[in-house]
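Overview (structure and organization)
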Amino acid sequence: MKIKYLSIIVCSILTASSWAADNKNDLASFHKDVNGCKTCHTAPNKVSDSETFENKQCKSCHGDYGKLANPKLEIDPHSSHLGDINCTSCHKGHEQPKLYCNECHSFKGLDMPFNKAKSKEPWDKGWDNEAINKAIAAGPKETTDVIVVGAGSAGFNAAIAAKKAGANVILLDKAPFSGGNSMLAAGGYNAVGTVQQKDHKVDDKIEWYVEDTMKGGRYANDPKLVQILAEQSADGIKWLESLGANMDDLKRSGGARVDRTHRPSGGLSVGPHIIDVLRKASDKEGVDTRLNSKVVKLVVDDEQKIVGVVIHGKHSGHYMVAAKSVVLATGGYGFNKEMIAFYRPTFKGMTSSNNITSTGDGIELAKAVGASMTDIDWIQTHPTVGKDSRILISETVRGVGAIMVNKEGNRFINELTTRDKASDAILKQPEQYAWLVFDNELYKKAKMVQGYDHLEMLEKANTVRG
C-alpha cells in the first residue's frame, strides 16, 4: 500500500456555480443586497481582530459545521481535522476567498463562492517598524497579568493553567484559527505510570522512559529536563483528562521499549482531539483569545525586563499591551526555509510538514531582546511523509504493526526504531523512498488509516504477492 498523500480539509461545500444567479464579485457585495452591511457587521461597523461577531452571523444563517457537513461528498470540507474554526479562515468578505487547507494539500475542483473576487496582499505581510515604535511611544492600551503568545497546545495549556490560578490572561495567535502545529499531530502522548498502563498491564518505569528518551536524543538532551518530563508525564495525562480529553488508547511508538503512547480510543488522531478539548476548556475558563493578532515586539524597560508586547491586529492595527508575565509558546521554525538553511544547511530545500504558521517568529522576538538559543540547530526529520506531499503519516501506523519495505519489497529497518534512524535508513534505499505495508486487521483498528483510504491514499491487493 503506497502512501500517496494525506488529504483532510475544511472550507465551503458550495461551488462558484451555486452563486451563478448573482453577478457580484465578492461575498460582501452579495450580502449587502440581502440586508445591507448589518447582515454581517455590527452598527457602527467595528470588526474585532478575531472577527467574532461576523463568524457568529455566518453560523446564525448557515448553521454550524455539523449541519453543513455532507457525508455524500467525496471530500467534505466542513468535516476535517481542523475542527470548529472561523468561517472567515477561508471565506472573505471583501476579497478573494482562500481554501486554507491547500496551504498543506493540493485539492482540485473545490471552487469556492466568489473566487473571482479581487485578491489582496496578506494583512500581516512584512514588518512596520514605524508603527511598532509609535505603539510603544503611545503606551499600553490595556494591562493584564499574563500574555501567552501562540495558541497551540502549549499556549492553550499555559493560558488555561494561568486562568485557573486566578490570573487575567490574553492568548494571542497570528493565524485566523487556533491550533498551530499541535492540530497536525497524529501520534500520541508518551507517559509512564498512568492508569492506562496499569489497566493494560504494561510494566514501565520512569528510569526506562528517561533511558529511551536520552537514547532517542543521542544523549544530547538535558538530563534534568528529561527527568522532569518523565516524572510529570502521568500528571500531564491526568490534566488533559480533567479538561475532557480521552487518552485511553495505548500503543508503542518508535524508540520506546513498552507501550506508553497515549491517544484517543478508536484510533483517532491525537492532535485534533486535544486542540478541540483545549478550545472548549479555554472558552469555559473565559480566556481572552485573540486571533489574527501577531505579536511583533517584546517590550522591555530600562532594566531589560519584559513588560509587555506590541500586537499587530488584522483590523485594530498596532497597539501595546502591558503584562506582568509573557509566555512565548510560538513553536519552532519548521516552515521557515531561510532559518532552516541557516541553522541546518544539510536540510536546505527539504519539504516541511509543519503548519505554515511555524515560521520562527517567537525565536526572532526572543533574540531581539537578547535571549540565547539552546540546540537551535536540531531539526527532526520524520521518516514517513506521503509521497509527493508534505503530510506526515503517523508513527502509530508502524507502532500498531505496519512494516516498511523498499521498492524491492525487502524490509530494511526495525519499524520501532527512532525517527532519525528510520529516516536515515530510508534515504539509503533505492530511489530514497519506502512503502508502508499493513493488513486488513490493522486497517479495522486504526481510524486514521481508514481516513487515508477515504482519501485514496492506499494501494490495495488481495494477496501478499499482489
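Relevant structure appears above.
The present account deals with the structure reproduced in this document. (Residues numbered from 1 in each chain as written. Predicted model: local features only at pLDDT ≥ 70, side-chain atom pairs only at ≥ 80, totals over all residues. Heavy atoms only, no water.)

1. Some words on the overall build of the protein chain
Helix and strand counts for the protein chain come out as 15 helices and 11 strands. Relative to its length of 466 residues, the protein chain is compact, with a C-alpha radius of gyration of 23 Å against a globular reference of 23 Å. Counting only residues that meet the buried cut, the protein chain has 45% of its 466 residues in that class. For the protein chain, contacts bridging at least 24 residues in sequence account for 67% of all contacts bridging at least 6. For the protein chain, the accessible surface area stands at approximately 24600 Å², while carbon and sulfur atoms represent 50% of it. In the protein chain, the 60 positive side-chain charges and the 57 negative ones have mean positions that sit 2 Å from each other. (Helix = DSSP H or I, 4+ residues; strand = E, 2+ residues; numbered from the N terminus. Rg over C-alpha atoms; globule rule 2.2 N^0.38 Å. Buried < 20%, exposed > 50% of the residue type's maximum accessible area, 1.4 Å probe, protein only. Contact = heavy atoms within 4.5 Å. Areas by Shrake-Rupley, 256 points an atom, 1.4 Å probe, with all protein chains shown as cover. Lys, Arg positive; Asp, Glu negative; His and termini not counted. Charge placed at Lys NZ, Arg CZ, Asp CG, Glu CD.)

2. Observations regarding the side chain of Lys92
By the secondary structure assignment, Lys92 is in the loop between α3 (65-68) and α4 (129-138). Although Lys92 is buried, it forms no salt bridge, and the closest oppositely charged side chain is Glu95 at an N-O distance of 6.0 Å. Within the structure, Lys92 has its side chain in polar contact with the backbone oxygen of Thr88 (distance 2.9 Å). Of note is the side chain of Lys92, whose polar atom sits 3.5 Å from the backbone oxygen of Ser89. (Salt bridge = Lys/Arg side-chain N within 4 Å of Asp/Glu carboxyl O. Polar contact = N/O pair within 3.5 Å; in protein donor to acceptor, adjacent residues only side chain to side chain.)

3. Side note on the sheet that holds strand β8 (residues 306-313)
The strand order across the open sheet formed by six strands is β6-β2-β1-β9-β8-β7, and the pairing between neighbours is mixed. Edge positions in the open sheet fall to β6 (288-290) and β7 (293-300), since each of these has one partner strand only. Strand after strand, the sheet turns through a mean of 40° between neighbouring axes, direction not considered. Two elements, β8 and strand β9 (residues 317-328), share six bridges in a ladder whose sense is antiparallel. Its bridge partner being in β9, Gly313 is matched across the sheet by Gly317. (Pairing = 2+ DSSP bridges. Axes fitted to C-alpha atoms, helices over the stretch in contact; angles between N-to-C directions.)

4. Re unusual backbone geometry
The amide bond that connects Ala43 to the next residue, Pro44, takes the cis arrangement and shows omega of 0°. Position of Pro44 relative to the elements: it lies in the loop between α1 (27-35) and α2 (52-62). In this structure, Arg218 is a non-glycine residue whose phi angle is positive, near 55°. Positionally, Arg218 belongs in the loop between α7 (206-216) and α8 (223-242). For Arg218, a relative accessible area of 48% puts it in the partly exposed group.

5. Here we look at α7
By the burial criterion, the buried members of α7 are Trp208, Tyr209, Val210, Asp212 and Met214. Arg218, located one to two residues past α7, shows a positive phi value of around 55°.

6. Thoughts on the nonpolar core
Among the nonpolar cores identified, the biggest contains 36 residues, and Val148, Val169, Leu171, Met247 and Leu278 are the most heavily contacted of them. Counting only elements with at least two residues in this core, the list comes to β1 (142-149), α5 (153-164), β2 (169-172), α8 and α9 (270-285). The biggest single contributor to this core is α9, with six residues. If sequence neighbours within four positions are ignored, Val148 has contacts with Gly155, Ala158, Ala159, Val169, Ile170, Leu171, Leu172, Val327 and Ala329. In terms of nonpolar packing, the next biggest core, distinct from the first, is built from 19 residues, Ala425, Leu436, Leu442 and Met457 among them. (Core = buried A, V, L, I, M, F, W, Y, C linked by side-chain atoms within 4.5 Å.)

7. Quick word on the sheet that holds strand β4 (residues 249-251)
Strand order in the open sheet formed by three strands is β3-β5-β4, with antiparallel pairing between adjacent strands. The outermost strands of the open sheet, each flanked by one partner alone, are β3 (189-190) and β4. Two elements, β3 and strand β5 (residues 261-263), share two bridges in a ladder whose sense is antiparallel. Note on β5: the bridge partner recorded for Tyr189 is His262.

8. Thoughts on the pattern of salt bridges
All chains considered together, the criterion is met by 23 salt bridges. Linking Lys134 and Glu130 is a salt bridge whose minimum nitrogen-to-oxygen distance equals 3.6 Å. Pair noted here: Lys134 and Glu130 are both in helix α4, with a separation of four residues, about one helical turn. Across the pair, Glu130 and Lys134 agree in class, each one exposed. Asp424 serves as the salt-bridge partner of Arg218, at 3.7 Å between the closest nitrogen and oxygen. With a gap of 206 residues between them, Arg218 in the loop between α7 and α8 and Asp424 in helix α13 (residues 419-427) connect regions that are remote in the sequence. Overlapping salt bridges, with partners in common, bring together Asp204, Glu211, Asp212, Arg257 and Arg260 in one network.

9. Brief notes about the environment of Thr261
Inspection of the secondary structure puts Thr261 in strand β5. Separated by 64 residues in sequence, Thr261 and Gln197 place their C-alpha atoms 9.6 Å apart. Those residues in contact with Thr261, other than ones at most four positions away along the chain, are Gly187, Gly188, Tyr189, Asn190, Asp249, Leu250, Lys251, Arg252 and Ser253. A distance of 2.7 Å separates the side chain of Thr261 from the side chain of Asn190, its partner in a polar contact. Polar side-chain contacts of Thr261 include one of 2.8 Å to the side chain of Ser253.

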